[in-house]
Amino acid sequence: MIKDDLARTIAEEYELSRSLSTRIVQTVLDKIIDGLVKESRIELRRFGVFAVKQQGPRVITLPSGKKIKRPAQKVVTFAPGAAVKKKLNPKTSKRK
């Protein structure tokens, strides 16, 4: 699924215009980014937690064997919430 699919689904489900649903989706994504930049953590109950993690500098070996230095950088991590985990890993059989 891509952002446009999400906007189209929302437009259909709530009988909104495509342009309005696209703006809503983009606003939500922009606010998540702003929150990560300012707070370094966004918690969406029952969905998961986005967090900013600092990675140290590294030496990366390319397939050619050449080594390059990668500076320290920030990365975004995601930890799924219980509802997401449950949907991803439904119980296939009950244990007795």
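Residues numbered from 1 in each chain as written. Predicted model: local features only at pLDDT ≥ 70, side-chain atom pairs only at ≥ 80, totals over all residues. Heavy atoms only, no water.

All right, on to the pairing of strand 4 (residues 67–70) then. Two faces belong to every sheet, and in a regular strand the side chains alternate between them. As paired elements, strand 3 (residues 58–61) and strand 4 share four bridges and run antiparallel to each other. Note on strand 4: the bridge partner recorded for V59 is K69. Turn length for the strand 3-strand 4 hairpin, with the two strands adjacent in sequence and antiparallel, is five residues, and the turn residue G65 shows positive phi of about 100°. (Pairing = 2+ DSSP bridges. Helix = DSSP H or I, 4+ residues; strand = E, 2+ residues; numbered from the N terminus.)

If you trace the backbone, Q55 turns up in strand 2 (residues 48–55). For Q55, a relative accessible area of 17% puts it in the buried group. Among the polar contacts made by the side chain of Q55, one reaches the side chain of R70 at a distance of 3.1 Å. Among all residues touching Q55, those that are not within four sequence positions of it are R70, A72, Q73 and V75. (Buried < 20%, exposed > 50% of the residue type's maximum accessible area, 1.4 Å probe, protein only. Polar contact = N/O pair within 3.5 Å; in protein donor to acceptor, adjacent residues only side chain to side chain. Contact = heavy atoms within 4.5 Å.)

To continue, consider helix 1 (residues 3–14). An ideal rise of 1.5 Å per residue puts 16 Å on twelve residues; helix 1 measures up with 17 Å between its terminal C-alpha atoms. One or two residues past the end of helix 1 sits E15, with phi positive at roughly 50°. (Expected span 1.5 Å × (residues − 1).)

This part is about the pattern of salt bridges. Here the structure, examined in full by the defined rule, presents five salt bridges. Across the pair R18 and D4 runs a salt bridge, and its minimum N-O distance is 2.9 Å. A residue pair is termed long-range when its members are at least 10 positions apart, and R18 in helix 2 (residues 18–39) and D4 in helix 1 qualify at 14 residues. On the basis of relative accessible area, R18 is assigned to the partly exposed category, the value being 37%. Using a relative accessible area of 36% as the deciding quantity, one classes D4 as partly exposed. Of the charged contacts, one joins R8 and D5 as a salt bridge, the two residues approaching to 2.8 Å between their closest N and O atoms. Of this pair, R8 and D5 both sit in helix 1, separated by three residues, roughly a single helical turn. (Salt bridge = Lys/Arg side-chain N within 4 Å of Asp/Glu carboxyl O.)

As a further point, take helix 2. Residue pairs three or four apart in sequence face the same way in an α-helix, which turns once every 3.6 residues. In a regular helix each residue adds 1.5 Å, so 22 residues correspond to 32 Å; helix 2 covers 31 Å between its end C-alpha atoms and thus fits that length. Among all positions in helix 2, only S21, V25, I32, G35 and L36 are buried. Taken down its axis, helix 2 places every buried residue within 105° of arc, on the same side. The exposed residues of helix 2 that point more than 90 degrees off its buried face are R23, K31, V37 and K38. Where helix 2 is buried, its residues contact helix 1, strand 1 (41–44), strand 2 and strand 5 (73–80). Looking one or two places after helix 2, you find S40, whose phi comes out positive at around 70°. (Arc of directions from axis to C-beta.)

Right, let's get into the side chain of S21. Examined against the element boundaries, S21 turns out to sit in helix 2. A polar side-chain atom of S21 sits 3.0 Å from the main-chain carbonyl oxygen of R18. With residues up to four places along the chain from it excluded, the contact list for S21 reads A7, I10 and A11.

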